[in-house]
Amino acid sequence: MSGAVVIGAGPGIGQAVARRFAREGLPIALIARSDETLAAAAEAVAPTGVPVVTAAADSTNENALREALDRAAGELGPPDVVVYNAAVIQADTPGELSVRAHLDAWAVNVVGALTAAAHVAPGMAQRGGGSFIVTGGMPEPKPQYVSLSLGKAGVRTLVTLLDQTYGSSGVHVASVTVCGPVAPGTAFDPDDIAEHYWRLHTQPRDRWEGEALHTGLTVHDGERS
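Cut-offs used in this document
- Residues numbered from 1 in each chain as written.
- Predicted model: local features only at pLDDT ≥ 70, side-chain atom pairs only at ≥ 80, totals over all residues.
- Heavy atoms only, no water.
- Buried < 20%, exposed > 50% of the residue type's maximum accessible area, 1.4 Å probe, protein only.
- Axes fitted to C-alpha atoms, helices over the stretch in contact; angles between N-to-C directions.
- Helix = DSSP H or I, 4+ residues; strand = E, 2+ residues; numbered from the N terminus.
- Left-handed = near helix turned anticlockwise from the far one by under 90°.
- Contact = heavy atoms within 4.5 Å.
- Nonpolar A, V, L, I, M, F, W, Y, C, P; charged D, E, K, R; others polar.
- Salt bridge = Lys/Arg side-chain N within 4 Å of Asp/Glu carboxyl O.

Novice: Please clarify how unusual backbone geometry should be interpreted in this entry.
Specialist: Both trends apply: most residues other than glycine have a negative phi, and most peptide bonds are in trans. The backbone phi angle of methionine 138 is positive, close to 50°, even though this residue is not glycine. Given the relative accessible area of 14%, methionine 138 is considered buried.

Novice: Please explain the packing of helix H1 (residues 13–23) against helix H2 (residues 35–45) as it appears in this structure.
Specialist: Angle between the axes and distance between the axes are the two parameters that describe a pair of packed helices. Where H1 contacts H2, the axes come no closer than 9 Å and their chain directions differ by 35°. You can see that H1 and H2 cross each other, and the crossing is right-handed. Taking contact as the criterion, the partners of Gln15, Ala18, Arg19 and Ala22 in H1 are, on H2, Ala40, Ala41, Ala44 and Val45. Its residues assigned to classes, the contact of H1 with H2 shows 6 nonpolar, 1 polar and 1 charged.

Novice: Would you take a moment to explain H1 for this structure?
Specialist: Most of H1 is tucked away, with 9 of its 11 residues classed as buried. Of the residues making up H1, those classed as buried are Ile13, Gly14, Gln15, Ala16, Val17, Ala18, Arg20, Phe21 and Ala22. A positive backbone phi angle near 90° is found at glycine 25, which sits one or two residues after H1.

Novice: I would appreciate a short explanation of the pattern of salt bridges in the present structure.
Specialist: A side chain of one charge can pair with a side chain of the opposite charge when the charged atoms of the two come close. As enumerated under the stated definition, the model contains 9 salt bridges in all. Here arginine 20 ties to glutamate 24 by a salt bridge, and the two come within 2.7 Å at their closest N and O atoms. Between glutamate 195 and arginine 23 there is a salt bridge, and its shortest N-O distance comes to 3.5 Å. One end of the pair, glutamate 195, is in helix H6 (residues 190–202); the other, arginine 23, is in helix H1, and 172 residues separate them in sequence. With a relative accessible area of 53%, arginine 23 lands in the exposed category. By sharing partners, the salt bridges in this structure join Arg20, Arg23, Glu24 and Glu195 into a single network.

Novice: Sorry if this is basic, but what is going on with the side chain of serine 175 here?
Specialist: Tracing the sequence through the fold places serine 175 in strand E6 (residues 171–178). Serine 175 has contacts with Val134, Val159, Leu200, Gly210, Glu211 and Ala212, leaving out every residue within four places of it along the chain.

As structure tokens, then:
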């Protein structure tokens, strides 16, 4: 048995992605910092009836994150797809944050994704398949969101590097770039956004995309994108 792992399984995109994959019958592993967040996410997935594993870990703690991924694999099998959705979303202008604060944001926004990918992608490559999908954003940098703009630019570069490393072995590495504030009932409804993750995961190899862009404005095949 194998399934989907969602790192950063909080309300919004994390839970929506977990529900979307669970609707397809995939077992779900949920990783987040707090037990409260994990309990809420598990409750959201429960109606689908699929097996659910939860593991508390901070994405900046590399040992804890690796242990959580190992626990998920031990209970559900090697993952078919890993979604990295952890991020520090905050408003800050140039020079406003300390060096420490910038490093803390970078550790969540980029380095945690690298830690997770380095832990799971080699196994996917050996098996000849799998998906590693990162939640992106900030398609254009904004001076009101310096640390987030830097982080999301880093994510794009990381996706490219991971694709260059593992793509030829059958691992689909991609990002979903969300171009606005996520809120239910809007053009940036998390359930609509979650469709991109499922579409990327199920794409034929000859049609792989490296990035799905959710603008909330255009409509393709009856769905917002």
